[in-house]
Each structure stands twice: as C-alpha cells, then as structure tokens.
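Notes for the structure review
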Amino acid sequence: MGNRRKKGEYGYRTYHRKVQIGEVLFGTAMILVQLGARQFTDSQAVKNVLTVMAVLSVLPTANVASPLLAAWRYKTPPLAFLERVRPYETKFPVLYDLIITSKEAVMSVDAAVVHPTGVYLYCTCAKVDAKKAEKFLNGMFSAHRLDPHVKMIQDEKAFFQRLDSLKPAAEYEDDGSLDYGRELLKQLSM
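Residues numbered from 1 in each chain as written. Predicted model: local features only at pLDDT ≥ 70, side-chain atom pairs only at ≥ 80, totals over all residues. Heavy atoms only, no water.

1. Focus on the overall build of the protein
Of regular secondary structure, the protein possesses 6 helices and 4 strands. The C-alpha radius of gyration computed for the protein amounts to 21 Å, which surpasses the reference 16 Å derived for 190 residues by more than 25%, pointing to a less compact arrangement than a globule. Dimensions along the principal axes, computed over C-alpha positions, put the protein at roughly 75 × 35 × 30 Å. The buried share of the protein, reckoned over its 190 residues, is 39%. Intrachain contacts of the protein at a sequence separation of at least 6 include 65% that bridge at least 24 residues. Total accessible area on the protein is roughly 11300 Å²; 57% of this is exposed by carbon and sulfur atoms. Placing the 26 positive and 20 negative side-chain charges of the protein at their respective mean positions leaves the two points 7 Å apart. (Helix = DSSP H or I, 4+ residues; strand = E, 2+ residues; numbered from the N terminus. Rg over C-alpha atoms; globule rule 2.2 N^0.38 Å. Buried < 20%, exposed > 50% of the residue type's maximum accessible area, 1.4 Å probe, protein only. Contact = heavy atoms within 4.5 Å. Areas by Shrake-Rupley, 256 points an atom, 1.4 Å probe, with all protein chains shown as cover. Lys, Arg positive; Asp, Glu negative; His and termini not counted. Charge placed at Lys NZ, Arg CZ, Asp CG, Glu CD.)

Following this line, the structure appears as structure tokens:
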C-alpha cells in the first residue's frame with residue numbers, strides 16, 4: 001500500500017479520513033445486512049440473534065464515526081505549506097497533520113517542531129485558546145517527565161520567524177528527549 005501515511009507525516013489527515021470513512025461505510029453495511037437478513041428467516045430465535053448482532057455492531061461503528069466527525073473540518077494543509085516547511089527538516093524534526101484533543105478543545109496542528117529549546121506548534125484554528133492549549137500540553141509533557149516548553153503559534157508569519165531563529169538540533173546535546181517528545185505528540189494526536 002504505497003499511499004499509506006503514518007501519524008506525523010504530511011497527508012495523514014486526508015489518508016486517515018479516507019480509512020475512517022471506509023470503516024464507517026463497512027460497519028453501516030454490516031448493520032444493514034444483518035437487519036436485512038432477518039427478512040429471510042422464519043425462526044424467531046435467528047431473527048433475535050441477527051437483531052442483537054446488528055445492535056452490537058453499532059458500537060464499533062460509532063467509535064470510528066465519532067472521531068471522524070470531530071475532525072471532519074480539519075484537512076491537510078496545502079502543498080505550498082509543506083514546501084515552505086520542508087527545508088527546516090534538515091535542521092530539526094517536524095511533524096505534520098496532527099489533531100490533538102483535550103477536554104476543552106480539538107487542536108489542528110499543521111506542523112510541530114520538536115526542538116531542544118522547546119516544542120513549537122502551528123495551529124490554524126482560531127477558536128483554540130493558545131494559552132489553555134499550552135497549559136494542557138505543558139502539563140502532558142511534565143507528566144511524561146519532559147521539559148514543559150510548548151508554544152502554540154497561530155500566526156503563520158510568527159511561526160516561520162520562530163523556525164528561522166532556531167539553531168539546528170544537532171548543535172545541542174541529545175538526551176533522547178526529542179524522540180520521546182515526538183512520540184508523545186503522536187500519541188496525543190487522533
């Protein structure tokens with residue numbers, strides 16, 4: 001499967017949405033098949049079993065549909081954005097297309113830079129309260145024994161100014177926290 005995307009790769013949101021739509025459609029079709037099969041039997045016991053199977057099939061289908069609906073409006077950023085960020089990948093790791101959820105917000109993070117001086121997230125959603133998001137993410141980083149230096153940036157110009165000001169990660173001593181921080185962001189993402 002050549003088009004398969006992993007969390008943190010550019011295009012993941014679009015890929016994941018297609019997979020989720022397929023899973024929801026498959027689950028819906030199975031529910032309808034089970035309910036339709038009731039018409040082809042005269043046995044009340046078989047009808048009851050098919051009804052129970054259809055009802056039990058609703059839960060996994062709803063579990064896939066729920067995050068799909070929550071993240072429906074968040075799409076992969078334009079290719080021009082990727083081309084603008086890509087040169088920075090030689091200086092430090094960059095994650096793309098994350099959707100991080102907290103109790104208070106769904107945060108679409110188009111790009112996340114995990115750097116020895118901190119984590120810099122570019123979020124295009126104007127509804128997200130950056131201070132609350134930073135507090136949540138800093139709390140998560142602290143809970144995982146990482147330095148809580150997370151900064152959410154909602155202005156594209158400010159985000160690229162921050163990237164320009166960062167030195168290459170190779171100039172800092174690597175204690176393994178960069179990889180751990182990247183993995184934590186992936187785990188927090190849908």
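Read on for the rest.
2. Concerning a negative patch on the surface
A cluster of like negative charges, contributed by D147, E173, D174 and D175, occupies part of the molecular surface. Within the element layout of this structure, D174 appears in the loop between α5 (156–165) and α6 (177–188). (Patch = residues over 30% accessible without salt bridge, like charges linked within 9 Å, V, L, I, M, F, W, Y side chains within 5 Å. Salt bridge = Lys/Arg side-chain N within 4 Å of Asp/Glu carboxyl O.)

3. What about α6?
Over its 12 residues, α6 runs 16 Å from end to end, which matches the ideal 16 Å to within 8%, given 1.5 Å per residue. Among the residues of α6, L178, G181, L184, L185 and L188 are the ones counted as buried. Burial along α6 is one-sided: seen end-on, the buried residues are contained in an arc of 125°. (Expected span 1.5 Å × (residues − 1). Arc of directions from axis to C-beta.)

4. Quick look at the UniProt feature "transmembrane region" (unreviewed entry) in the protein
Those places that UniProt annotates as "transmembrane region" (unreviewed entry) correspond, in this numbering, to residues 21–37 and 49–72. End C-alpha to end C-alpha, residues 21–37 measures 24 Å, and it is 100% helix and 0% strand. The span residues 49–72 shows a helical share of 92% and a strand share of 0%, and its end C-alpha atoms are spaced 34 Å apart. (UniProt positions renumbered as here; feature names shortened; annotations may be inferred.)

5. Some words on the pairing of strand β3 (residues 118–123)
Burial runs high along β3: 6 of the 6 residues are buried. What you see with β3 is no split at all: G118, Y120 and Y122 on one side and V119, L121 and C123 on the other are buried throughout. Bridge count between strand β2 (residues 106–115) and β3: 6 bridges; the pairing is antiparallel. Opposite V109, over in β3, you have C123 as the bridge partner. Direction of pairing for β3 relative to strand β4 (residues 150–153): parallel, over a ladder of 4 bridges. Within β4, the position partnered with L121 by the bridge is M152. (Pairing = 2+ DSSP bridges.)

6. Details of the packing of aromatic side chains
In this structure the tally under the stated criterion is 7 aromatic pairs. With 6.1 Å between their ring centres and 90° between their planes, Y10 and Y96 make a pair best called edge-to-face. Taken together, the residues Y10 in the segment before α1 (12–37) and Y96 in strand β1 (residues 94–101) connect sequence positions 86 residues apart. For the pair Y10 and Y96, a shared accessibility class is recorded, and that class is buried. Where F81 meets F160, the ring centres are 6.0 Å apart and the plane angle is 65°; that geometry is what we call edge-to-face. (Phe/Tyr/Trp six-rings, centres within 6.5 Å; stacked < 30°, edge-to-face > 60°.)

7. Quick notes on a nonpolar patch on the surface
Judged by side-chain polarity, F26, M30 and V33 come together as a nonpolar surface patch covering roughly 290 Å² of accessible area. Note that F26 resides in helix α1. F26 sits in the exposed class, given a relative accessible area of 54%.

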